[in-house]
Structures are given as structure tokens and as C-alpha cells.
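Reading the structure
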Amino acid sequence: MAEASDRNEDYILEIEGISKRFGEVVALEDVTFRLRRNEVLALAGDNGAGKSTLIKCVAGAIEPTSGIITVDGEVVEIGNPRIAKELGIETTFQDLAVAGNLTVTQNIFLGREEVTGMDSLLGILNKSAMKKRAQELLDDLKIDVDVDAKVSNLSGGERQLVSISRTMLSDPKIVIMDEPTSALSVEGADRVLELIERMQDQGISIILISHNLEYVQQAADRIHVLHQGRSAGVIDNADADRDEIVKRMIGGMPDEERSEQPANA
Ligand SMILES: Nc1ncnc2c1ncn2[C@@H]1O[C@H](COP(=O)(O)OP(=O)(O)OP(=O)(O)O)[C@@H](O)[C@H]1O
Ligand SMILES: [Mg+2]
């Protein structure tokens with residue numbers, strides 16, 4: 001049993017031995033996963049490897065069957081999305097949730113209770129305050145979209161940028177992005193990669209899930225590979241070779257590393 005004091009302070013998030021079963025399906029099996037402070041850590045793996053399941057456990061969207069999650073050295077139970085947000089964890093999910101009939105500002109503030117906490121008699125003021133804050137947020141991230149535009153009128157790439165910028169509203173410590181570039185053109189994906197770099201410059205620790213290994217290698221400091229619900233190892237991007245990543249994605253953890261686990265995480 002690891003005490004919080006045994007843990008390495010360089011890690012902002014540590015997931016120890018997490019498992020998740022959906023009935024008969026074993027989505028995650030004893031995975032140890034650690035995110036360093038201010039790094040971009042890519043989570044790679046084939047379809048069904050367990051990537052979304054892992055990050056949903058951290059986002060409070062699903063409850064793991066077993067395992068320990070530590071944020072900033074404290075063991076936490078992330079029973080719902082609100083707790084994740086309170087811990088400074090923001091997530092953009094694979095099934096992108098933007099509301100087309102609302103404006104950019106409305107989307108950024110969607111579901112943010114703290115805003116509706118303001119005096120409802122000051123509704124108009126509230127609206128202009130939200131618009132101002134949305135504009136600041138987009139300016140900070142150098143995103144050039146009109147805060148009054150209906151999201152249905154934006155391109156897929158612009159929607160993705162709005163969805164990512166939403167995560168920055170609450171001044172998060174950790175931002176998790178599940179396939180932020182999947183539906184995008186090369187240019188759209190490049191803008192998302194630039195945005196990730198800017199967020200890292202602002203001190204945020206980032207988990208990036210992507211099937212696109214070219215983008216993964218452009219953006220990530222390290223790459224954690226999952227294979228059929230198990231960890232297939234962590235590779236430093238500096239010495240990562242594409243074939244090595246693919247080999248782990250297809251074949252899992254190499255035998256010679258299996259005995260060393262989990263010290264390699
Ligand atoms: N709510 C659920 N109910 C039942 N099984 C599920 C559920 N969510 C995920 N699974 C199963 O768990 C396994 C891991 O799924 P997960 O969505 O985490 O994979 P992934 O790595 O994100 O894949 P992809 O790259 O396709 O997004 C799959 O076998 C999937 O069918
Ligand atoms: Mg997924």
C-alpha cells in the first residue's frame with residue numbers, strides 16, 4: 001500500500017492499478033498511469049484499448065471497479081464530474097458536446113453553475129460579463145472566432161477550438177482531450193496542436209488521446225500506450241520511433257518489460 005508521502009511530487013495525477021469492467025467486458029485491467037506536472041502525455045492505443053474509459057474515470061463520468069487515483073499527492077474519489085472540476089480537471093470528450101443552436105459564448109458557459117449563481121435580476125449584466133470573459137478567453141488562446149456566432153455556423157475545426165477553450169474557463173490544472181483532431185483537416189489539426197502548446201506554456205498538464213501518431217509525436221513529451229485494457233508501456237517522445245509505438249499498440253507490453261512493471265510508468 002503506497003502512502004501519499006511515498007509518491008513522486010513530479011506527478012500531478014497518478015492512477016494506480018485501475019480496473020474497469022462493464023459486465024463481462026474488461027475495459028481496463030490493472031493499469032498504472034502517471035501524468036507529470038506541465039507535460040503533454042499522449043495516450044495511444046487501438047480502437048477499444050480502453051483510452052476513453054481511463055479518462056472517463058478521471059473525469060468522474062464513470063466509476064472504476066478498482067484502483068487508486070491521486071491528484072496533487074492526495075488520494076481522491078472522483079464520483080462525479082463536479083468533483084473532477086473542483087480538483088481542477090477539465091475534459092473534452094470524444095463525442096464532442098457543443099450545442100449548435102447556441103452562440104460561442106453560451107457554449108463556453110454552458111452548465112457552469114457559478115455563473116447562474118449571480119443575481120438573476122442582473123441577467124443582462126451577467127450576459128455582457130459572460131461575453132467579455134469569453135472574448136478574453138479566446139484572445140488569450142489566440143482563437144479568432146466571433147463570440148456571438150452560432151456554433152452551427154462554425155467549421156468543425158472552429159467548434160473543436162471552442163470546445164477546448166471551454167476547458168480553460170475554470171483555470172484548470174489538468175486538461176484531458178479525447179481525439180481533439182479526429183474530424184479535422186490538416187490545418188484544423190495544426191491549430192489544435194498550437195493551442196495545446198499554448199496551454200502547456202500556461203502551466204497546464206495535458207493528456208492527449210489521438211489515433212494520429214504524427215500529431216502525437218509533434219505534441220507529446222511522453223506516450224503511454226494501452227493495449228486491450230492493459231498498459232503497454234510509456235515511451236519518451238524524444239527517443240520514440242513510430243514502429244515502436246505501433247508494435248506496442250498491436251502487441252502490448254514487450255516481454256522484457258513485463259517483469260519490471262509498474263516501475264516503468
Ligand atoms: N459503457 C460501456 N458499456 C459496455 N462496454 C463499454 C462501455 N464503454 C466502453 N466499453 C468497452 O470497453 C472497451 C474499451 O472502450 P474505450 O471506449 O475505452 O476504448 P478506446 O480506446 O477509447 O477506443 P476508441 O479508440 O475506439 O475510441 C471496449 O471493448 C468497449 O466496447
Ligand atoms: Mg475512445
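Values in this document were obtained by computation on a predicted structure and should not be read as measured data. (Residues numbered from 1 in each chain as written. Chains lettered and ligands numbered in written order. Predicted model: local features only at pLDDT ≥ 70, side-chain atom pairs only at ≥ 80, totals over all residues. Heavy atoms only, no water.)

1. Here's the deal with the overall build of the chain
If you tally the helices and strands in the chain, you get 10 helices and 10 strands. For the chain, buried positions account for 50% of its 265 residues. Considering only intrachain contacts with a sequence separation of at least 6, the fraction spanning at least 24 residues in the chain is 67%. Of the roughly 13,100 Å² of accessible surface on the chain, 46% is carried by carbon and sulfur atoms. (Helix = DSSP H or I, 4+ residues; strand = E, 2+ residues; numbered from the N terminus. Buried < 20%, exposed > 50% of the residue type's maximum accessible area, 1.4 Å probe, protein only. Contact = heavy atoms within 4.5 Å. Areas by Shrake-Rupley, 256 points an atom, 1.4 Å probe, with all protein chains shown as cover.)

2. Considering the pairing of strand 3 (residues 40–44)
Of all 5 residues in strand 3, 5 are buried, a share of seventy percent or more. One ladder, built from 4 bridges, connects strand 3 with strand 8 (residues 205–209); its direction is parallel. Across the sheet, the residue bridging to Val40 is Ile206, located in strand 8. As paired elements, strand 3 and strand 9 (residues 222–227) share 4 bridges and run parallel to each other. (Pairing = 2+ DSSP bridges.)

3. Side note on the nonpolar core
Of all hydrophobic cores here, the largest spans 46 residues; its most connected members are Val104, Ile108, Met177, Ile196, Met199, Ile223 and Ile245. When residues in this core are grouped by element, the largest group, 6 residues, is from helix 7 (residues 186–201). When residues no more than four places from it in sequence are discounted, the contact partners of Ile223 are Leu41, Ala42, Ala44, Val216, Gly233, Val234, Ile235, Asn237, Ala240 and Ile245. Core analysis: the next-biggest nonpolar cluster, separate from the first, contains 27 residues, Leu13, Val58, Ile69 and Ile207 among them. (Core = buried A, V, L, I, M, F, W, Y, C linked by side-chain atoms within 4.5 Å.)

4. Let's talk about the confidence of the model for the chain
Per-residue confidence for the chain averages 86 on the pLDDT scale, and 87% of its residues sit at or above 70. In the model, residues 1–6 has pLDDT below 50 throughout and makes 2 contacts with residues more than four positions away in sequence or in other chains. (pLDDT = per-residue confidence, 0-100.)

5. A word on the sheet that holds strand 3
Strand order in the open sheet made by the 6 strands is 6-7-8-3-9-10, with mixed pairing throughout. Taken across any chain shown, the strands that pair with only one partner, and hence form the sheet edges, are strand 6 (89–92) and strand 10 (230–236). The sheet shows a mean angle of 15° between the axes of neighbouring strands, taken without regard to direction. In the sheet, strand 6 pairs with strand 7 (residues 174–178) via 4 bridges, with the strands oriented parallel. Looking at the pairing, Thr91 lines up with Ile176 of strand 7. Sheet strands in contact with helix 7 are strand 3, strand 7 and strand 8, and its direction is about 155° off that of strand 8. (Axes fitted to C-alpha atoms, helices over the stretch in contact; angles between N-to-C directions.)

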